[in-house]
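Breakdown of the fold
These are the residues of each chain, in order.
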Amino acid sequence: MIPDARGYFGDYGGQFVPETLMPVLDELTEAYTKAKDDKDFWRQFETLSRDFSGRPTPLYFARGLTQHGGGARIFLKREDLAHTGAHKINNALGQGLLAKKMGKRRIIAETGAGQHGVATAAVCAMLGLDCIVYMGEEDVRRQSLNVFRMRLMGAEVRPVSSGSRTLKDAINEAIRDWVTNPDTYYLLGSVVGPAPYPAMVRDFQSVIGREAKEQILAQEKRLPDYIVACVGGGSNAIGIFYPFLDDKDVKLVGVEAAGRGIESGQHAAPLMAGTVGVLHGTKSYILQDDSGQIRETHSVSAGLDYPGVGPEHSYLKDSRRAQYVAVTDDQALESFQLLCQTEGIVPALESAHAIYHAAQMAKSLDKEQIIIINLSGRGDKDMDIVAKELGVEL
Amino acid sequence: MSRIASVFSQSGRKALIPYITVGYPTIEATLKVVPLLAQNGADIVELGIPFSDPLADGVTIQRSSFHALKNGVSPQLCLDVAKKLREKVDIPLVFMTYYNPVFHYGLEPFCSACVGAGIDGLIIPDLPPQEGGSLEAIARKKDIDLIYLLAPTSTEERIKLVAERSRGFIYLVSVTGVTGARDRLPADWEVFVSRVKELVSQPLCVGFGISTPSQAKRVARLADGVIVGSRIIQLMESGDIQPVGEFIKGLREALD
Ligand SMILES: Cc1ncc(COP(=O)(O)O)c(C=O)c1O
């Protein structure tokens with residue numbers, strides 16, 4: 001079984017946390033195991049996914065993007081249309097309901113791009129829970145619109161000034177809060193961290209892949225040849241990959257952030273250029289230096305700017321069930337504009353990484369082939385960054 | 001008997017265990033302060049190998065770690081420093097660090113290097129017994145004590161697990177929280193220490209938040225030793241180590 005009873009996906013995963021949190025993780029594991037078999041819990045999740053989050057999200061044939069490439073037919077799984085603008089709402093809703101079931105009142109979360117923070121703030125407002133979001137100072141600056149959205153929904157945003165002041169440091173600070181307040185529920189935003197998070201977040205996100213499968217079978221009467229998704233921590237990618245893992249003819253491609261180029265060292269691509277290590281409670285590929293210190297990362301997209309990756313992706317990489325590539329800042333910006341122009345859809349910068357790779361790939365494939373891109377989020381939050389990168393003053 | 005175990009075999013004496021971050025504020029300061037700690041009554045010294053993401057540490061040790069890393073401190077350099085210190089002091093030296101630097105060095109090479117440097121034990125706060133099996137097996141073969149931690153949230157089952165697996169002593173984290181000097185001891189520390197005491201026979205040392213002689217004295221009435229970290233780091237900030245000597249002397253007197 002994947003993961004095994006100790007939370008391992010092959011060699012990856014586990015629970016590398018301070019003793020204070022071990023009993024807390026045991027409690028969470030037990031609560032989630034129970035909820036997993038609880039029909040009422042899932043009925044509630046499905047009802048709110050429909051009425052609150054707006055699911056199912058469409059699977060959309062991208063005619064313009066397909067014509068532009070002149071090869072494989074490209075479909076977009078429209079997570080950008082989900083409530084709050086990204087796939088992050090699926091996990092926030094699932095864990096929010098679990099927290100409520102466990103009788104928790106105080107919720108903490110970390111956020112990079114702000115999308116997970118916004119999703120958590122929305123779910124907490126809806127469920128009547130207190131919400132505190134840790135966010136690196138650098139990300140507070142570059143995703144200021146999302147900071148405002150979180151505050152409007154009643155969340156307290158705490159800027160984090162340690163380390164690189166990005167997602168990694170926000171997670172450190174959230175864990176420190178959790179160690180200090182073990183009664184608090186930590187609503188982690190991706191398939192990273194100690195067990196049971198990687199499997200639990202995957203389970204909540206696999207609604208994406210289940211829908212996509214049903215939709216492509218209904219629309220095209222067959223499975224896709226490729227599924228392409230961006231990988232930060234890896235939750236939108238696992239979410240769409242997971243229901244296709246046993247469909248061996250469906251090729252799975254994860255796209256990491258190559259930043260200013262893998263050779264430059266300024267990137268966020270642990271699967272492409274990292275080594276095995278332990279970060280934030282889990283064993284996986286990470287970016288580290290010669291003495292085992294975590295390296296600083298760079299990506300134009302805050303949501304991909306993280307030196308680790310979910311343990312299940314490390315497992316899928318080693319077992320070759322999925323393939324991983326990386327796309328630079330410039331390439332992502334190029335395809336960001338391409339999607340705006342060919343489809344009238346403004347993607348998140350994170351998702352733009354997946355679009356670039358899929359669009360390149362499509363060119364060399366024949367017209368019978370099908371690619372599904374997980375369009376993990378919309379780009380409203382990225383207007384400031386894109387304008388700046390394009391030299392436009394707003 | 002391991003060097004650490006013999007510390008606790010002296011009847012009546014409570015162990016005083018200061019923590020310092022290697023290379024904070026400088027390597028020279030580390031080389032000088034450890035002998036000073038030993039002279040003034042420390043029984044064991046914890047040498048912190050800095051890690052970039054110290055998630056069990058409060059602001060003081062976050063800052064000293066960051067500073068030490070900027071000074072170029074690496075696990076290898078810490079091993080070299082330990083070797084030099086071993087020539088100057090006889091008391092047990094214990095490394096305190098996070099799992100990734102050890103894992104990256106390689107478990108077997110790291111333990112061998114520890115033996116070469118005269119290191120007696122390891123404390124790794126993000127390595128609970130469930131994940132510690134591999135390191136434990138190697139450390140045991142090389143007579144290095146792997147010291148596990150317990151916290152106020154630990155259940156009876158976990159207390160028994162740690163008791164079975166920890167070597168040297170058991171590190172009791174006095175608070176649900178991160179490291180850092182505090183004005184007051186946490187309200188329920190006595191309940192916690194007593195609870196553990198009832199279940200285990202190993203030496204118990206209490207750390208996190210102990211920062212004055214009177215706090216140390218109160219804790220030592222129940223525990224076998226006290227661990228003092230952040231307060232010492234604060235005193236070392238200036239680079240002048242004399243105040244640290246005085247502080248340790250004060251703690252020693254309070255314990256005796
Ligand atoms: C739109 C969007 N896509 C992708 C990501 C990356 O996260 P993950 O890899 O967990 O899907 C984020 C994270 O903030 C995001 O906001």
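Please refer to the structure placed before this passage.
Not measured: the values here are computed from a predicted model.

1. Brief notes about the nonpolar core
Formed by 97 residues in total, the largest nonpolar core has its most connected members in B:Leu47, B:Phe95, B:Leu135, B:Phe169 and B:Tyr171. With six residues, the single largest contributor to this core is helix 2 (residues 27-39) of chain B. If we ignore the near neighbours within four places in the chain, the residues touching B:Phe95 are B:Leu47, B:Ile49, B:Cys78, B:Leu79, B:Ala82, B:Phe110, B:Cys114, B:Ile119, B:Gly121, B:Leu122 and B:Ile123. Counting residues in hydrophobic clusters, the runner-up holds 63 residues, among them A:Val17, A:Leu25, A:Cys124 and A:Ile132.

2. Notes on a nonpolar patch on the surface
Residue and element names in this part refer to chain A. A cluster of nonpolar residues, Val346, Met383, Leu390, Val392 and Leu394, forms a patch on the protein surface that exposes about 450 Å² of accessible area. With respect to the helices and strands, Leu394 occurs in the segment after helix 16 (383-389). We classify Leu394 as exposed; its relative accessible area is 76%.

3. Observations regarding the sheet that holds strand 13 (residues 322-328) of chain A
Residue and element names in this part refer to chain A. If you walk across this open sheet you meet the six strands as 3-4-14-9-10-13, and the pairing is mixed. Looking at strand neighbours, the two that pair on one side only are strand 3 (59-61) and strand 13, the edges of this open sheet. In this sheet, adjacent strand axes meet at a mean angle of 25° when their direction is disregarded. Relative to strand 13, strand 10 (residues 251-259) runs parallel, the two sharing seven bridges. For Val253, the partnering residue across the bridge sits in strand 13 and is Gln323. Of the strands in this sheet, strand 4 (73-78), strand 9 (226-230), strand 10, strand 13 and strand 14 (370-375) touch helix 15 (residues 349-363), which is tilted by about 150° from strand 9.

4. Structural notes on the pairing of strand 3 (residues 93-96) of chain B
All names here are of chain B. Across the two faces of strand 3 the burial is the same, with Leu93 and Phe95 and Val94 and Met96 all buried. Relative to strand 3, strand 2 (residues 45-48) runs parallel, the two being bridged by four bridges. Bridge pairing in strand 3 places Glu46 opposite Val94. In terms of strand pairing, strand 3 meets strand 4 (residues 121-123) through three bridges, oriented parallel. Across the sheet, residue Phe95 finds its bridge partner in strand 4, namely Leu122.

5. Notes on the site of the ligand
All names here are of chain A. Near the ligand, the surroundings consist of 19 residues, among which Ser190, Gly232, Gly234, Ser235 and Ser376 are the closest. At a separation of 3.0 Å, an oxygen atom of the ligand approaches a polar side-chain atom of His87. In the environment of the ligand, a nitrogen atom lies 2.7 Å from a nitrogen or oxygen atom belonging to the side chain of Ser376. Calculation on the ligand without its partners gives an accessible area of 390 Å², and the protein chains cover 97% of this total. Of the residues that constitute the shell around the ligand, the class distribution is six nonpolar, eleven polar and two charged.

6. A closer look at empty space enclosed by the protein
A water-sized probe, rolled over the atoms, reveals where empty space remains. Inspection of every chain in the model, using the stated rule, returns seven cavities of 30 Å³ or more. There is about 320 Å³ of room inside the largest cavity. In terms of lining, the largest cavity is formed by 29 residues, of which the most central are A:His87, A:Lys88, A:Gly303, A:Leu304 and A:Glu350. At the level of secondary structure, the elements contributing two or more residues to the lining of the largest cavity comprise strand 5 (106-111), helix 5 (115-127), helix 8 (167-180) and helix 11 (235-241) of chain A. Counted by class, the lining of the largest cavity contains ten nonpolar, 16 polar and three charged residues. Space inside the second largest cavity adds up to approximately 230 Å³. B:Tyr19, B:Asp57, B:Ile61, B:Met96 and B:Thr179 are, among the 27 residues lining the second largest cavity, the residues nearest its centre. Secondary-structure elements contributing two or more residues to the lining of the second largest cavity are strand 1 (15-21), strand 2, helix 3 (59-70), strand 9 (225-228) and helix 11 (230-236) of chain B. Across the lining of the second largest cavity, the residue classes break down as 15 nonpolar, nine polar and three charged.

7. With respect to the interface of chain B and chain A
Taken together, the contact between chain B and chain A spans 33 residues of the former and 34 residues of the latter. Summed over both partners, the interface of chain B with chain A buries about 2,700 Å², with 54% contributed by carbon and sulfur atoms. Here chain B is connected to chain A by three salt bridges. One salt bridge connects B:Glu131 with A:Arg6, and the closest N-O pair in it is separated by 3.6 Å. When contributions to the side of chain B that touches chain A are tallied by element, the ones reaching two or more residues are helix 3, helix 5 (99-105), helix 7 (129-141), strand 6 (149-150) and helix 8 (156-165) of chain B. Tallying contributions element by element places helix 5 of chain B first for the side of chain B that touches chain A, with five residues. Partitioning the side of chain B that touches chain A into residue classes produces 18 nonpolar, ten polar and five charged.

8. A closer look at the sheet that holds strand 4 of chain B
Residues and elements named next belong to chain B. Here we have nine strands laid out as an open sheet, ordered 5-4-3-2-1-9-8-7-6, and parallel in their pairing. Strands with a single pairing partner mark the edges of an open sheet, and in this sheet they are strand 5 (145-147) and strand 6. Inspection of the sheet shows strand 7 (residues 170-173) paired to strand 8 (residues 204-207) by four bridges, in the parallel sense. The residue bridging Tyr171 from the neighbouring strand is Cys205, located in strand 8. Of the strands in this sheet, strand 2 and strand 3 touch helix 4 (residues 75-86), which is tilted by about 165° from strand 3.

Rules of the game
Residues numbered from 1 in each chain as written. Chains lettered and ligands numbered in written order. Predicted model: local features only at pLDDT ≥ 70, side-chain atom pairs only at ≥ 80, totals over all residues. Heavy atoms only, no water. Core = buried A, V, L, I, M, F, W, Y, C linked by side-chain atoms within 4.5 Å. Buried < 20%, exposed > 50% of the residue type's maximum accessible area, 1.4 Å probe, protein only. Helix = DSSP H or I, 4+ residues; strand = E, 2+ residues; numbered from the N terminus. Contact = heavy atoms within 4.5 Å. Patch = residues over 30% accessible without salt bridge, like charges linked within 9 Å, V, L, I, M, F, W, Y side chains within 5 Å. Areas by Shrake-Rupley, 256 points an atom, 1.4 Å probe, with all protein chains shown as cover. Salt bridge = Lys/Arg side-chain N within 4 Å of Asp/Glu carboxyl O. Pairing = 2+ DSSP bridges. Axes fitted to C-alpha atoms, helices over the stretch in contact; angles between N-to-C directions. Near = heavy atom within 4 Å. Polar contact = N/O pair within 3.5 Å; in protein donor to acceptor, adjacent residues only side chain to side chain. Nonpolar A, V, L, I, M, F, W, Y, C, P; charged D, E, K, R; others polar. 1 Å grid on protein atoms, 1.4 Å probe; cavity = no way out; pocket = protein on both sides within 12 Å on 5 of 7 lines; lining within 4 Å. Points joined across faces, edges and corners; volume = space filled by probe spheres on them. Buried area = accessible area lost by both parts, 1.4 Å probe.

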